[in-house]
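A look at the structure
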Amino acid sequence: QRRAGLQLQLEFAQRQGLPGRLHFVSENQINVFIPYEVSGLTSVQMKVAIGDLQTRVITLPIATYSPAAFEYREGSGQLSAAALDANFAVLSQQNPARRTQAIQLYYNGLGPVSNRPVSGEPASGSPLSATTATPTVTIGGRNAQVLFSGLAPGLVGVYQVNVLVPADSATGRQPVGLSLGGVAARDTFTYIQ
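Residues numbered from 1 in each chain as written. Predicted model: local features only at pLDDT ≥ 70, side-chain atom pairs only at ≥ 80, totals over all residues. Heavy atoms only, no water.

1. Let's talk about the overall build of the protein
Spelled out, the test is: Put simply, DSSP H or I for four residues or longer makes a helix, DSSP E for two residues or longer makes a strand, and each gets a number counted from the N terminus. The buried label goes to any residue with under 20% of its type's maximum accessible area, the exposed label to any with over 50%, and the partly exposed label to all in between, with areas taken from a 1.4 Å probe on protein chains only. Here, two residues are considered to be in contact whenever any of their heavy atoms come within 4.5 Å of each other. Calculation of accessible area relied on Shrake-Rupley with a 1.4 Å probe; when residues are assessed, cover is drawn exclusively from the protein chains displayed.
A count of helices and strands for the protein gives zero helices and 18 strands. Relative to its full complement of 193 residues, the protein shows a buried share of 38%. The long-range fraction of contacts in the protein, counting pairs at least 24 apart against all pairs at least 6 apart in sequence, stands at 50%. Per element, the accessible surface of the protein, about 10500 Å² overall, is 51% carbon and sulfur.

Pasting the structure below:
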């Protein structure tokens, strides 16, 4: 794919002709969607080529579950969960979630889904692509009821987990935890009113 006039290629050696899909390229970072077709492998070999230059081949470990939260940096500099309320407004100190309210959390690495889209293409809104396993979510150390876990409609490779904020959750800035398949994501934080 082309970014700023450069040709960048990603190759996965174990699956001939299987390119990675670029989502972001900067001077110091490349975000790529790893194709669903590598499922079942424990690692892939990958290289990046820009024109006649290329990196050495690197081995990238692959796991069924590798959950990680999407976050954003607030004006205060703190990282908070990429989370939306029922009106699709970003949860923040100025717009905290309320107890018993449904919120949307965004993750990466939640594994296989039903109705799997074509690799690198956006997920469908109808029918939805639900995860085949349901994660455990906590807010402020309390279990949160999971209403939906799957790919976010219209996005590529982004998982959406809809939960109810526990009625007995503490207020203020609270940790949000998620685990799936015996693997826990690093806690992130959101605000509860």
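2. With respect to the nonpolar core
Just so we agree on the cut-off: Only buried residues count toward a nonpolar core, which is a set of Ala, Val, Leu, Ile, Met, Phe, Trp, Tyr and Cys residues joined through side-chain atoms within 4.5 Å.
Ile-103, Leu-105, Tyr-107, Val-137, Ile-139 and Val-163 are the most contacted members of the largest nonpolar core, which totals 27 residues. Each residue touching Val-163, except ones within four places of it in the same chain, is listed here: Gln-101, Ala-102, Ile-103, Leu-105, Val-137, Ile-139, Ala-144, Gln-145, Val-146 and Leu-147.

3. With respect to the confidence of the model for the protein
The line we're drawing: Looking at any residue, its pLDDT shows the predictor's confidence there, from 0 to 100.
Residue-level pLDDT values for the protein average 87, and 90% of them are 70 or greater. Here residues 1-9 is a poorly scored stretch, pLDDT under 50, and it has 22 contacts once near neighbours within four places are set aside; other chains count.

4. So, the pattern of salt bridges
Rule in force here: When a carboxyl oxygen of Asp or Glu is within 4 Å of a side-chain nitrogen of Lys or Arg, the pair counts as a salt bridge.
Taken as a whole and judged by the stated rule, the model has three salt bridges. For Glu-71, the salt bridge is made with Arg-186, and the minimal N-O distance between the two is 2.8 Å. Of the two residues, Glu-71 sits in strand β9 (residues 71-73) while Arg-186 sits in the loop between β17 (183-184) and β18 (188-192), which places them 115 residues apart along the sequence. Looking at Arg-186, the relative accessible area reads 60%, which means it is exposed. Between Arg-173 and Glu-74 there is a salt bridge, and its shortest N-O distance comes to 3.2 Å. Taken as a pair, Arg-173 in strand β16 (residues 172-180) and Glu-74 in the loop between β9 and β10 (79-81) lie far apart in primary sequence, 99 residues in all. Among the residues examined, Glu-74 registers a relative accessible area of 11% and is labelled buried.

5. Some thoughts on the pairing of β18
Rules: Any two strands with at least two DSSP-identified bridges between them are counted as paired.
For β18, the tally of buried residues reaches four of five residues, placing the bulk of the element in the interior. Sheet analysis places β16 next to β18, joined by five bridges and oriented antiparallel. Note on β18: the bridge partner recorded for Arg-173 is Tyr-191.

6. Concerning the packing of aromatic side chains
Our working rule: Only Phe, Tyr and Trp rings take part, Trp by its six-membered ring, and two of them pair if their centres are within 6.5 Å. Stacked means planes under 30 degrees apart, edge-to-face means over 60, and tilted covers everything else.
For the structure shown, the criterion picks out one aromatic pair. Both rings, one in Phe-33 and one in Tyr-36, keep their centres 5.1 Å apart while their planes meet at 75°; by these two values the pair is edge-to-face.

7. Let's talk about the environment of Ala-133
The residue Ala-133 is located in the loop between β12 (102-108) and β13 (136-139) in this model. Each C-alpha atom of the pair Ala-133 and Leu-180 lies 7.4 Å from the other, and the pair is 47 residues apart in sequence. Non-local contacts of Ala-133, meaning those with residues more than four positions away in its chain, are made with Tyr-65, Ser-149 and Leu-180.

8. Quick look at the side chain of Ser-119
What counts, and what does not: Polar contacts, as counted here, are pairs of nitrogen or oxygen atoms within 3.5 Å of one another; within protein the pair requires one atom able to donate a hydrogen and one able to accept it, and residues that are adjacent in sequence qualify only if both atoms are side-chain atoms.
Considering the arrangement of structural elements, one finds Ser-119 in the loop between β12 and β13. According to the relative accessible area criterion, Ser-119 is buried, its value standing at 10%. Polar contacts involving the side chain of Ser-119 include one to the side chain of Glu-37, which spans 2.6 Å. Residues contacting Ser-119, with those up to four places away along its chain left out, are Arg-21, Phe-33, Pro-35, Tyr-36 and Glu-37.

9. Some words on unusual backbone geometry
Residue Pro-127 is bonded to the preceding Ser-126 through a cis peptide linkage, with omega at 0°. Tracing the backbone through its elements, the reader meets Pro-127 in the loop between β12 and β13. The residue Phe-88 is not glycine, and still its phi comes out positive at about 65°. As for its placement among the helices and strands, Phe-88 is situated in the loop between β11 (83-84) and β12. The phi angle at Thr-100 is positive, at roughly 70°, despite the residue not being glycine. By the secondary structure assignment, Thr-100 is in the loop between β11 and β12.

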